[in-house]
Amino acid sequence: MFEISPAELFSLIQRRDDKTKLNFVMTFDGISVKTNSKNMSVFYHKGTICARCGIEGTKFRLERIVNTWVLNLYGVDENGNDILFNKDHIVPKFEGGSDSIDNLQPMCCPCNGEKGKDTWHNRGQSYIPKTKKSKRIINRRHRVKEIMNNK
Ligand SMILES: [Zn+2]
């Protein structure tokens, strides 16, 4: 398992000419990985500390997702568990927030989930995770309600 600290990775990035797009390929352990992901831009430009709980992302781990190698950022919680990081939309997308770097910040995945719930709660709605399965269940519930209402 290959890991590199943010400081090390960012110092490699800083040696490149075009730092704004982060559009290049790096090779670790003989594996080529692109650094042009939106997540990487957020971590590079906005840091690796969760904007909600303050946990720090301390290691990028080389991981394979289907056929693509990516560098995922992890922090470690007080129980020693790895916590995956993601990008968070400061103004949520469904409220018109953009995908630009100005509207993005680093956030750990547990906080990202909690923020989603809070946002829905504040809007007076119950939180509905966006998965195909849950959508199917919700649709089924609606259909059951419709059938019952029509009786
Ligand atoms: Zn967090």
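Treat the numbers as computed from the prediction; the structure is a model and nothing was measured. (Residues numbered from 1 in each chain as written. Predicted model: local features only at pLDDT ≥ 70, side-chain atom pairs only at ≥ 80, totals over all residues.)

A closer look at the overall build of the protein chain
Phase 1 of the analysis: Broken down by element type, the protein chain carries 4 helices and 7 strands.
Phase 2 of the analysis: Seen in sequence order, the protein chain has helices and strands lined up from the N terminus as β-α-β-β-α-β-β-β-β-α-α.
Phase 3 of the analysis: Counting only contacts in the protein chain whose residues sit at least 6 apart along the sequence, the fraction spanning at least 24 positions is 49%. (Helix = DSSP H or I, 4+ residues; strand = E, 2+ residues; numbered from the N terminus. Contact = placed C-beta atoms within 7 Å.)

Let's talk about the nonpolar core
Phase 1 of the analysis: Formed by 15 residues in total, the largest nonpolar core has its most connected members in Met-107 and Cys-108.
Phase 2 of the analysis: Those elements that place two or more of their residues in this core are helix H2 (38-46), strand E5 (68-76), strand E6 (82-89) and strand E7 (104-108).
Phase 3 of the analysis: Ignoring anything within four residues of it in the chain, the contact list for Met-107 reads Cys-50, Ala-51, Arg-52, Phe-85, Asn-86, Asp-88 and Asn-112. (Core = buried A, V, L, I, M, F, W, Y, C linked by C-beta atoms within 7 Å. Buried ≥ 20, exposed ≤ 12 C-beta atoms within 10 Å, placed from the backbone.)

Worth remembering: the numbers are spatial, not functional.
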